[in-house]
Amino acid sequence: MLKNLVIVESPAKAKTIENFLGKDFTVKSSLGHIRDLSKKNLGIDIENDFKPKYEISPDKVKLVSELKKIVKNTDTVWLATDEDREGEAISWHLSEVLKLNEKRTKRIVFHEITKTAITNAISNPRKIDKNLVDAQQARRVLDRLVGFEISPVLWRKIKPSLSAGRVQSVAVRLIVEREKEIKNFKAVSSYKINGIFKIIKDNKTYLFKAELSKKFKEKNEALAFLESCKDSKFSVSDIEVKKTKKSPAPPFTTSTLQQEASRKLGFSVARTMQVAQKLYESGLITYMRTDSVNLSNLALSTAAKKITSAFGEKYVKTRKYKTKNTGAQEAHEAIRPSYIDRHSVDGDNAAKKLYELIWKRTIASQMANAEIDKTVVSIKGSNLKEKFVAKGEVIKFDGFLKVYLESSDDENTEEKKGLLPPFEINDIVFYNELTATEKFALHPPRYTEASLVKKMEELGIGRPSTYAPTISTIQKRGYIINETRLGIDRDYNYICLKNNEISQEIRKEKTGFEKSKLFPTDIGIVVNDFLCENFETILDYKFTAKTEKELDNIARGLKVWNKMIKEFYAPFHERVQKTLENAQRANGQRLLGKDTKTGKNIYVKIGRFGPMAQLGETEDEEKPRFAGLKKDQSIESITLEEAMELFKFPRTIGKYEDADLTVAIGRFGPYIKHKSLFYSIKKDDDPKLISQDRAIEIIEEKRKKDREKTIKTFEENETVKILNGKWGPYVSIKKKNYRIPKNIDPKSMSLNDCLELAAKSEKSKTKKPVRTKKTTASKKTTKTKKSKIVKTTRKKK
DNA sequence: CAGTGAGCGAGCTTCCGCTTGACTT
């Protein structure tokens with residue numbers, strides 16, 4: 001008989017805790033949620049007060065039965081899942097599924113993995129907070145209703161397999177709207193006046209930079225200003241010295257770690273999480289999915305000691321941070337090194353760099369403010385109304401700057417300010433060179449993955465565990481794309497006054513260069529516009545925040561969860577119905593103009609398989625021709641000429657082995673078709689110009705590669721092949737592939753061996769037949785629903 | 001991956017949050 005079983009969420013946590021608790025305690029982990037709403041249909045019984053239909057998640061079946069066995073022979077079960085809405089729900093699901101006896105079950109919580117925190121938790125057990133669990137159920141049910149009712153609307157009205165949800169749709173909206181802002185942005189220019197001045201002090205000459213406090217809108221004004229500088233006498237009119245302080249940034253949360261790793265190390269958010277997960281599993285850092293900036297007392301005192309020994313006592317300033325984010329649930333600590341004295345770790349480069357970043361940020365957060373003297377010196381000119389301003393900075397005490405400074409998202413970071421010469425009021429100065437540079441205003445910046453996460457966190461949408469997956473989902477659906485785009489050259493005016501002479505020139509600068517930024521796709525734009533028009537409340541940036549308030553009320557026992565859902569669902573479901581009945585098919589269609597050859601209209605729009613061009617009318621007897629857009633083309637920007645090019649395919653370019661050679665552009669780019677086989681055209685070949693000879697070359701190349709790939713074929717049965725692939729040799733039969741075990745030599749295999757291998761691996765895959773029964777039953781209901789919808793839409797037409 | 005753009009039409013797609021491996025043929 002086991003005395004105590006403790007269940008936590010994460011296996012890495014389980015290991016650590018087991019060490020703290022000693023022999024009488026066994027610690028297991030649930031690996032997150034063990035149950036979820038049924039995937040079939042909605043998984044919610046709407047008629048029956050929205051009763052959720054829970055099922056053990058397929059990947060947890062084994063784990064649950066194992067836990068059941070252990071529980072049978074255990075005195076006391078301690079539910080030690082995280083102290084937040086989801087954690088409370090996991091404990092409740094565990095107690096339901098494992099049929100835990102209330103008297104022998106205790107709920108405990110801790111926010112940090114330290115021995116004191118855990119022993120403290122053990123001596124202060126409580127019961128499961130059913131109100132908090134209900135808040136989670138409401139959250140879960142609402143998300144399912146939103147996702148599973150709106151997505152099918154998109155399948156009908158736009159394109160199959162699309163998706164919508166409380167979080168992802170708002171994330172897409174942010175990107176689409178930012179792109180619209182940028183499109184409407186007019187880059188007005190103004191003239192900025194910079195000067196290099198000279199001062200002679202104690203027989204020493206100093207040069208310094210200063211900038212005019214005013215910008216000029218027109219070139220003429222800038223010219224006139226420089227003209228008036230010619231005979232001006234310059235002198236120091238004002239000196240201002242300010243003592244300022246700079247504080248360190250708080251310790252990392254998931255969101256800020258993703259941002260800094262992106263800015264300082266160039267990691268994608270997914271990469272950051274992968275590397276952090278490894279560090280966590282090796283026990284090097286605390287939990288990496290957190291919204292808390294809190295550090296344990298143990299961490300605070302270790303940090304203070306470390307800073308004292310490394311830099312001295314005056315560099316220590318112990319700080320307790322509090323999160324400003326209202327949506328935070330703070331079940332964990334901030335992300336910090338497990339052992340703060342440990343400056344660096346072994347492992348790959350990425351792990352080392354990320355660990356160092358976390359170490360520095362944690363240490364810096366416990367260090368003294370930096371003290372900086374800022375000097376502002378004004379320079380007046382005898383003929384001038386406006387003054388030049390020179391700025392300087394002197395770091396009096398570096399404090400936390402000794403280890404770490406947070407980066408900024410702003411791309412045009414301020415120039416580094418240095419030391420200024422020893423000025424006194426009324427000192428005479430001379431200009432060396434004065435310039436007027438035409439500067440174009442910058443459009444609002446496009447989001448990077450990390451800055452999108454920052455924005456999502458501000459809006460309270462998504463959680464630390466979902467930021468990275470959400471970004472990958474909206475890319476997988478084809479709503480947005482992460483791209484680097486090269487800029488173009490732009491001319492700007494440059495005027496220079498030197499040696500009393502004004503010269504003008506036109507210079508070039510790069511504009512529009514975007515490195516790893518998020519752009520909406522055509523489909524993303526069409527889906528977003530459709531959702532904003534028809535589901536305004538869900539797409540509202542405040543929707544999640546409003547929902548959170550209601551969930552809070554449920555958690556505090558002020559509201560019953562399914563009542564809240566009912567109030568939401570009635571108008572929502574009506575909206576879904578109305579949209580299905582009334583909304584037009586959305587395809588983002590744009591008329592480009594008339595085809596010069598046929599005189600027919602050319603349109604671009606979203607088709608079943610993505611953006612396409614259409615030549616002719618759908619209503620015409622002679623059906624229109626279609627052509628998919630190329631990858632770098634978009635409905636928004638494609639021109640009539642570019643669209644006409646697309647209809648030049650497929651074209652026959654010659655013959656080879658008595659069969660036609662045709663060139664066409666397909667879903668995966670341009671290709672050559674020959675004897676019903678396909679050969680991709682290489683990037684540097686132009687499909688419009690490609691010759692017969694080159695096409696034959698490509699075909700032969702591909703044939704050679706295929707030969708090299710083939711290990712063995714059988715004359716008796718040509719569908720069976722033994723091939724060499726990325727992961728080693730495998731058997732290919734029609735379209736199915738089967739791996740060859742390592743102990744078998746592929747060359748020695750007979751046809752029979754291959755067929756046997758295939759039969760064996762087919763057998764081992766038998767997991768799904770249980771499901772088919774139920775799905776056939778559910779098919780009927782969905783079918784009738786669909787046919788109803790079809791009828792209503794047809795009536796409207 | 002597969003080179004399409006529909007209506008005789010099967011059956012499927014989809015949400016958000018918690019957690020890790022397993023394993024690609």
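Residues numbered from 1 in each chain as written. Chains lettered and ligands numbered in written order. Predicted model: local features only at pLDDT ≥ 70, side-chain atom pairs only at ≥ 80, totals over all residues. Heavy atoms only, no water.

Draft legend 1. Structural view of the overall build of chain A. If you tally the helices and strands in chain A, you get 21 helices and 30 strands. With respect to the three principal axes, the spread of C-alpha positions in chain A is 95 × 85 × 65 Å. Within chain A, the fraction of its 797 residues that count as buried is 44%. A fraction of 69% describes how many contacts in chain A between residues 6 or more apart in sequence connect residues 24 or more apart. For chain A, the exposed surface amounts to about 45400 Å²; the carbon and sulfur share of it is 50%. Treating the 159 positive side-chain charges of chain A as one cloud and the 110 negative ones as another, the clouds have centres 5 Å apart. (Helix = DSSP H or I, 4+ residues; strand = E, 2+ residues; numbered from the N terminus. Buried < 20%, exposed > 50% of the residue type's maximum accessible area, 1.4 Å probe, protein only. Contact = heavy atoms within 4.5 Å. Areas by Shrake-Rupley, 256 points an atom, 1.4 Å probe, with all protein chains shown as cover. Lys, Arg positive; Asp, Glu negative; His and termini not counted. Charge placed at Lys NZ, Arg CZ, Asp CG, Glu CD.)

Draft legend 2. The pairing of strand β18 (residues 514–520), seen in detail. Among the seven residues in β18, five count as buried, and that is most of the element. One ladder, built from five bridges, connects strand β15 (residues 480–485) with β18; its direction is antiparallel. Among the inter-strand pairings, E483 is bridged to a residue of β18, identified as K517. (Pairing = 2+ DSSP bridges.)

Draft legend 3. Expanded view of the packing of aromatic side chains. Tallied over the entire structure, the rule returns 19 aromatic pairs. Aromatic pair F208 and F423: ring centres 4.9 Å apart, planes at 80°, arrangement edge-to-face. Note that F208 is positioned in strand β10 (residues 204–212) and F423 in the loop between β13 (388–397) and β14 (428–440), a separation of 215 residues in sequence. Each ring, one from F216 and one from F225, has its centre 5.3 Å from the other, and the planes form 40°; the classification is tilted. Here the two residues F216 and F225 agree in accessibility, since each one is buried. Through a chain of ring-to-ring contacts, three or more aromatic side chains come together here, namely F197, F208, F216, F225, F234, F388, F423 and Y431. (Phe/Tyr/Trp six-rings, centres within 6.5 Å; stacked < 30°, edge-to-face > 60°.)

Draft legend 4. Region of interest: helix α8 (residues 254–265). In this model, α8 (twelve residues) spans 15 Å end to end at C-alpha, consistent with the 16 Å of a helix rising 1.5 Å per residue. Listed as buried for α8 are T254, S255, T256, L257, Q258, Q259, E260 and A261. Here the buried face of α8 lies against α9 (269–281), α11 (349–364), α12 (449–459) and α13 (467–476). Positioned one or two residues after α8, G266 has a phi angle of 70°, which is positive. (Expected span 1.5 Å × (residues − 1).)

Draft legend 5. Molecular detail of the pattern of salt bridges. Following the criterion strictly, the structure yields 52 salt bridges and no others. In this structure, the salt-bridge partner of K127 is E102, at a minimum N-O distance of 3.3 Å. Taken together, the residues span a long stretch of sequence, with K127 in the loop between α4 (115–122) and α5 (130–157) and E102 in the loop between α3 (85–97) and β8 (105–107) at a distance of 25 residues. E102 carries the same exposure label as K127, and that label is exposed. Of the charged contacts in the structure, one is a salt bridge between K559 and E567, with a shortest N-O distance of 2.9 Å. The structure contains a network of salt bridges with shared partners spanning E260, R263, K264, R361 and E406. (Salt bridge = Lys/Arg side-chain N within 4 Å of Asp/Glu carboxyl O.)

Draft legend 6. A look at the side chain of E260. Looking at where E260 falls in the secondary structure, it is placed in helix α8. With relative accessibility at 0%, the residue E260 sits in the buried group. Looking at E260, its side chain comes within polar contact range of the side chain of R263, at 3.0 Å. Separated by 2.5 Å, the side chains of E260 and Y404 make a polar contact. Contacts of E260, omitting those with residues within four sequence positions, involve F252, L265, L357, R361, Y404, L405, E406 and S407. (Polar contact = N/O pair within 3.5 Å; in protein donor to acceptor, adjacent residues only side chain to side chain.)

Draft legend 7. Representation of the packing of α8 against α11 in the model. Across the interface, α8 lies against α11 with an axial gap of 11 Å and an inter-helix angle of 120°. The orientation of α8 relative to α11 falls into the category oblique. The two elements α8 and α11 cross, and the hand of that crossing is right-handed. Judged by residue contacts, T256, L257, E260, A261, K264 and L265 of α8 engage K353, L354, L357, I358 and R361 from α11. Per-class residue counts for the contact of α8 with α11 are six nonpolar, one polar and four charged. (Axes fitted to C-alpha atoms, helices over the stretch in contact; angles between N-to-C directions. Parallel < 35°, antiparallel > 145°, perpendicular 65-115°, else oblique. Left-handed = near helix turned anticlockwise from the far one by under 90°. Nonpolar A, V, L, I, M, F, W, Y, C, P; charged D, E, K, R; others polar.)

Draft legend 8. Highlighting the confidence of the model for chain A. Here chain A shows a mean pLDDT of 90. Residues at 70 or above account for 94%. Here residues 766–797 is modelled with pLDDT under 50, and outside its nearest four sequence neighbours on either side it reaches 13 contacts, counting other chains as well. (pLDDT = per-residue confidence, 0-100.)

Draft legend 9. Main features of a positive patch on the surface. Together, K68, K69, K72 and K99 give the surface a local cluster of positive charge. Topologically, K99 is positioned in the loop between α3 and β8. (Patch = residues over 30% accessible without salt bridge, like charges linked within 9 Å, V, L, I, M, F, W, Y side chains within 5 Å.)

Draft legend 10. A look at the pairing of strand β16 (residues 488–498). Where β14 and β16 come together, four bridges link them in antiparallel fashion. Bridged to A436 within β16 is I495. Direction of pairing for β16 relative to strand β17 (residues 501–511): antiparallel, over a ladder of eleven bridges. The residue of β17 that forms the bridge with D491 is K508.

Draft legend 11. Spatial organisation of the sheet that holds strand β19 (residues 590–594). In spatial order, the strands read β19-β20-β21-β22; together these four strands make up an open sheet with antiparallel pairing. On the outer flanks of this sheet lie β19 and β22 (625–628), each paired with one strand and no other. When strand polarity is set aside, the average angle formed by the axes of neighbouring strands in this sheet is 25°. The pairing of β19 with strand β20 (residues 601–607) spans four bridges and is classified as antiparallel. By the bridge assignment for β20, R590 is matched with V604.

Draft legend 12. Just the environment of L279, in detail. By secondary structure assignment, the location of L279 is in helix α9. Residue L279 is classed as buried on the basis of its relative accessible area, which comes to 3%. It is 9.2 Å that separates the C-alpha atoms of L279 and V345, two residues lying 66 residues apart in sequence. Excluding anything up to four places from it in sequence, L279 contacts L284, I285, V345, A351, L354 and Y355.

Draft legend 13. Expanded view of helix α17 (residues 561–582). Under the 1.5 Å per step criterion, the end-to-end length of α17 is 32 Å for 22 residues, consistent within 8% with the ideal 32 Å. Of all the bends in α17, the largest measures some 30° and sits at Y569, one to four residues before the proline P571. Inspection of α17 places W561, N562, M564, I565, F568, Y569, F572, V576, T579 and L580 among the buried residues, and these make up the whole buried set. (Bend = angle between axes of the 7 residues up to and from the residue.)

Draft legend 14. Structural view of a nonpolar patch on the surface. The grouping of I200, I428 and F430 at the surface amounts to a nonpolar patch, some 310 Å² of accessible area in total. Residue placement: F430 occurs in strand β14.

Draft legend 15. Summary view of the state of the cysteines. Under the definition given, this model contains zero disulfides. Unpaired in terms of disulfides, C229 finds its nearest cysteine sulfur in C496, a separation of 12 Å. (Disulfide = S-S within 2.5 Å.)

Draft legend 16. Representation of the side chain of E9 within the structure. Relative to the assigned elements, E9 resides in the loop between β1 (2–8) and α1 (11–21). At 6.2 Å, K13 is the nearest oppositely charged side chain to E9, a buried residue that forms no salt bridge. In this structure, E9 is in contact with S29, S30, L31, G32, T81, D82, G87 and I90, ignoring residues within four places of it in sequence.

Draft legend 17. The sheet that holds strand β26 (residues 677–680), seen in detail. Reading across from one edge, β23-β24-β25-β26 is the order of the four strands in this open sheet, with antiparallel pairing throughout. Because the sheet does not close on itself, it has two edges, and the strands there are β23 (651–656) and β26. For this sheet, the mean inter-axis angle between neighbouring strands, taken without regard to orientation, is 30°. Relative to strand β24 (residues 659–666), β23 runs antiparallel, the two being bridged by five bridges. Looking at the pairing, R651 lines up with V663 of β24.

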